[in-house]
Amino acid sequence: MIRMTNVSKVYNTGSIKFEALREVNIEIKEREFCAVVGPSGSGKSTLMNIIGCLDDCTTGEYFLRGTSVANMTQNQLADVRNQTIGFVFQSFNLLPYATAEENVEVPLLFAGKSRKLRLERCRHLLERVGLADKMKNRPTEMSGGEMQRVAIARSLANDPPLILADEPTGNLDTRTGGAIVDLFNELHDEGRTIIMITHDPNIAAKLPRQIYMQDGALVDKLRIAS
Amino acid sequence: MKSLSILWNVFLRDFRKQSGRMTLTIVGLLWGTVSIMLLLSFGEGLYQQMSLNEKGMGEGFSVIWGGRTNKEFKGLPRGRRIWFLADDLPYFSKKIPDAKLITGEMMRWGQRISYKGKYVSHMVNGLYPEYESLRAMYPQMGGRFVNKKDIELKRRVVFLGDEVKKELMPEVENPVGEMVFINSVPFTVIGILSPKQQMNSYASQDAYNVFIPLSTYRTIWNEPYYDNLILAVDKKDYGRMKEFTDRLNLAAAAKYKYDPDDKVLGIWDTIESQKLMGNILLGLKYFLGFVGFMTLAIAGVGVANIMYVSVKERTREIGVKMAMGARRATIQLQFITEALFITFMGGGIGIALIYSATEAFKMIPLDIPVLDIMGRPTVSLVDGLIVTLILGTMGVVAGYFPSRKASSVNPVDSLRYE
């Protein structure tokens, strides 16, 4: 599904150079469920954004389903984001002016689906995440857990094979977070590849595979400062 | 086709969802259009009214009056009176055959004009029929001006200035045929002057004078001298008026034996003074244009600002849409479509508003003196289109660039934007 060779990401802010990723090599197979674990600033989000085609890498190569992302046109990238990848953000990134239903509708809209199909799909997905009664609510009228469910429903809109979740439980309490993790487990059971950043060692430990990051590089085991 | 329908759906949806923001932007553009158009319409009204008023006295003539000699000439003493007599008209016409018209008038101030026990004191003017078109003395419906027969038969008929009519017989609906007295001589009213705005005048405003045939005038007052000669030229000769009056001066000097350089005659060249007025009007037009341009610039900056801020605010929204698979072109086209829509709505409603307001204002019959000078606000639709086009372009440009920037970077950068 995903193969990265020597991927680096360097941010230039004026004269200061910051290496967010250093020579990352990684391979994630289809139907894997990985946790990405690491301290703040270790490059987890940068890695995730590159995998999700929201950002590009400075050097190295990234193949998504065998295709080099660097060679894709802007329109192809947009289509990949629309069809292949479902992204769940830590801060939800819902459109504040739109209802739950309308937020879920966004990827369907850009996929050019008919209105009837869009509405059916939104209803189905929101029912699935347990928000059938909140379809017409705006984000401001929802709790954090509910907002994250809307975001997950949105990420599933075009039924993508790959789900990327950037600390989906980071802004939630333990119990709500647990329910969200259960939801991801279900999605994995359906045959999707899932990559999830998490801070919570308990959550990470339960997942089939852990990827540890430190200072922008992959490490075998975290040197935990005690 | 598919991408067009995507664009249309996104546009419709966002427009509905963010109608508050859209309405505010439209109102901003509308306000800009309305204020500029209002200013321009007042300017245009003023300009048109002044151009009209300027012609109130008629055009294309010089007024010439006699005087006294200041120098001795060929043994004749100084201080001789040189005034024009009846036979001067054919004499000058023969000497200056290319003049359009040479006529004369006589006038007497402070004459008692009475009607049914009411009286007023005004100037009486004796004149020839040519005066009608020369001095824009057009009668109101149902009346006429002095004609040739009146001159021939020395009829006691009178043409009243519209203000004189108002003073003497305000309630009389059809004054033609009524009898008025000038001093103690009865006259029949033949017509009333159509109201006109007169910016220039000599002696008195036409609205306050009464006009009778020159032959009748001469009989009553036994007056041999013309107070003024009027020399009119064809439009093609407007630039050569000085030449015509010089020739008249030479002819008069030859006949009455005075030094042509003596400046005996008084000459008022109305073409010259109307040219001056024309320059003032032109200056006014430039001034209004400049003010309009500055206002347009201010409104343009306002519209650009609104568009810029409104698009900038939506950078995060653009980021979310990009992350959800929106293509760049879709996003940019959406913003352009929105800006165009806002422009047409704001500009269109603005023009429609101001147009109907000024048209409605024209229909209200108002008798306010200030309107005679200021005119009524007049909208030119071309101006409106230009204003909308310029404001719209500024709005579209101001909205396009931030949207292009937000959709050209990696989605993650727009998502980070606060």
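Anything mentioned here points back to the structure above.
Residues numbered from 1 in each chain as written. Chains lettered and ligands numbered in written order. Predicted model: local features only at pLDDT ≥ 70, side-chain atom pairs only at ≥ 80, totals over all residues.

### Considering the overall build of chain A
- In terms of helices and strands, chain A carries seven helices and 10 strands.
- Buried positions account for 46% of the 226 residues belonging to chain A.
- Taking as baseline every contact in chain A between residues at least 6 positions apart, the subset at least 24 positions apart corresponds to 72%. (Helix = DSSP H or I, 4+ residues; strand = E, 2+ residues; numbered from the N terminus. Buried ≥ 20, exposed ≤ 12 C-beta atoms within 10 Å, placed from the backbone. Contact = placed C-beta atoms within 7 Å.)

### Considerations on the sheet that holds strand S8 (residues 193-197) of chain A
All names here are of chain A.
- Strands sit in the order S6-S7-S8-S3-S9-S10 across an open sheet of six strands; the sheet is mixed. Either end of the sheet is taken by a strand with one partner, and the two such strands are strand S6 (85-88) and strand S10 (217-219). Shown here is a sheet whose adjacent strand axes are inclined to one another by a mean of 25 degrees, direction ignored. (Pairing = 2+ DSSP bridges. Axes fitted to C-alpha atoms, helices over the stretch in contact; angles between N-to-C directions.)

### Considering the packing of helix H3 (residues 100-110) of chain A against helix H5 (residues 144-155) of chain A
Residues and elements named next belong to chain A.
- Closest axis-to-axis distance for the H3/H5 pair is 8 Å, and the angle between their directions is 30 degrees. On the basis of the axis angle, H3 is roughly parallel to H5. Regarding H3 and H5, the two cross each other, and that crossing is right-handed. Side by side, H3 and H5 meet where Ala100, Asn103, Val104, Val106 and Pro107 of the first sit next to Val150, Ala153 and Arg154 of the second.
- Considering only residue class, the contact of H3 with H5 consists of six nonpolar, one polar and one charged. (Parallel < 35°, antiparallel > 145°, perpendicular 65-115°, else oblique. Left-handed = near helix turned anticlockwise from the far one by under 90°. Nonpolar A, V, L, I, M, F, W, Y, C, P; charged D, E, K, R; others polar.)

### Brief notes about the environment of B:Ser204
Residue and element names in this part refer to chain B.
- Topologically, Ser204 is positioned in the loop between strand S8 (185-192) and strand S9 (209-213).
- For Ser204, a count of 14 C-beta atoms within 10 Å translates into the label partly exposed.
- The spatial distance from the C-alpha of Ser204 to the C-alpha of His122 is 9.3 Å, given a sequence separation of 82 residues.
- When near neighbours in sequence (up to four residues on either side) are disregarded, Ser204 contacts Met123 and Asn209.

### Considering unusual backbone geometry
- Backbone geometry places A:Phe92, a non-glycine residue, at a positive phi of 65 degrees.
- For A:Phe92, the location among the structural elements is in the loop between S6 and H3.
- The exposure class of A:Phe92 is buried, given the 21 C-beta atoms found within 10 Å.
- For B:Lys257, which is not glycine, the phi torsion reads 55 degrees and is therefore positive.
- Relative to the helices and strands, B:Lys257 is located in the loop between helix H8 (241-256) and strand S11 (266-269).

### Details of the interface of chain A and chain B
- Opposite the 23 residues of chain A that make contact, chain B presents 20 residues.
- Every element with two or more residues in the side of chain A that touches chain B is listed here: helix H2 (74-83) and H3 of chain A.
- For the side of chain A that touches chain B, the leading source of residues is H2(A), giving seven residues.
- The residue inventory of the side of chain A that touches chain B, partitioned by class, reads 11 nonpolar, seven polar and five charged.

### Regarding the nonpolar core
- A:Val36 and A:Leu164 are the most contacted members of the largest nonpolar core, which has 101 residues in total.
- The leading source of residues in this core is helix H2 (residues 19-54) of chain B, at seven residues. (Core = buried A, V, L, I, M, F, W, Y, C linked by C-beta atoms within 7 Å.)

### Side note on the environment of B:Glu178
Residue and element names in this part refer to chain B.
- Within the secondary structure, Glu178 sits in the loop between helix H6 (162-168) and strand S7 (179-182).
- Assessed through the 17 C-beta atoms surrounding it within 10 Å, Glu178 is described here as partly exposed.
- For the pair formed by Glu178 and Val189, sequence separation is 11 residues and the distance between their alpha carbons is 5.5 Å.
- Other than its neighbours up to four places away in sequence, Glu178 contacts Tyr115, Met169, Val172 and Val189.

### Quick notes on the pairing of strand S3 (residues 33-37) of chain A
Residues and elements named next belong to chain A.
- With five of its five residues buried, S3 lies for the most part within the structure.
- Note: S3 against S8, four bridges, orientation parallel. Residue pairing for S8: Ala35 is matched across the bridge by Met196.
- Note that S3 and strand S9 (residues 209-214) share four bridges and pair parallel. Bridge pairing in S9 places Val37 opposite Tyr212.

### Things to note about the sheet that holds strand S2 (residues 16-28) of chain A
Residues and elements named next belong to chain A.
- Judged by pairing direction, the sheet is antiparallel, and its four strands sit side by side in the order S2-S1-S4-S5 without closing on themselves. Pairing within the sheet leaves two strands with one partner each, and these edge strands are S2 and strand S5 (67-68).
- Where strand S4 (residues 59-64) meets S5, two bridges bridge the pair, whose relative direction is antiparallel. What sits directly across from Phe63, in S5, is Ser68.

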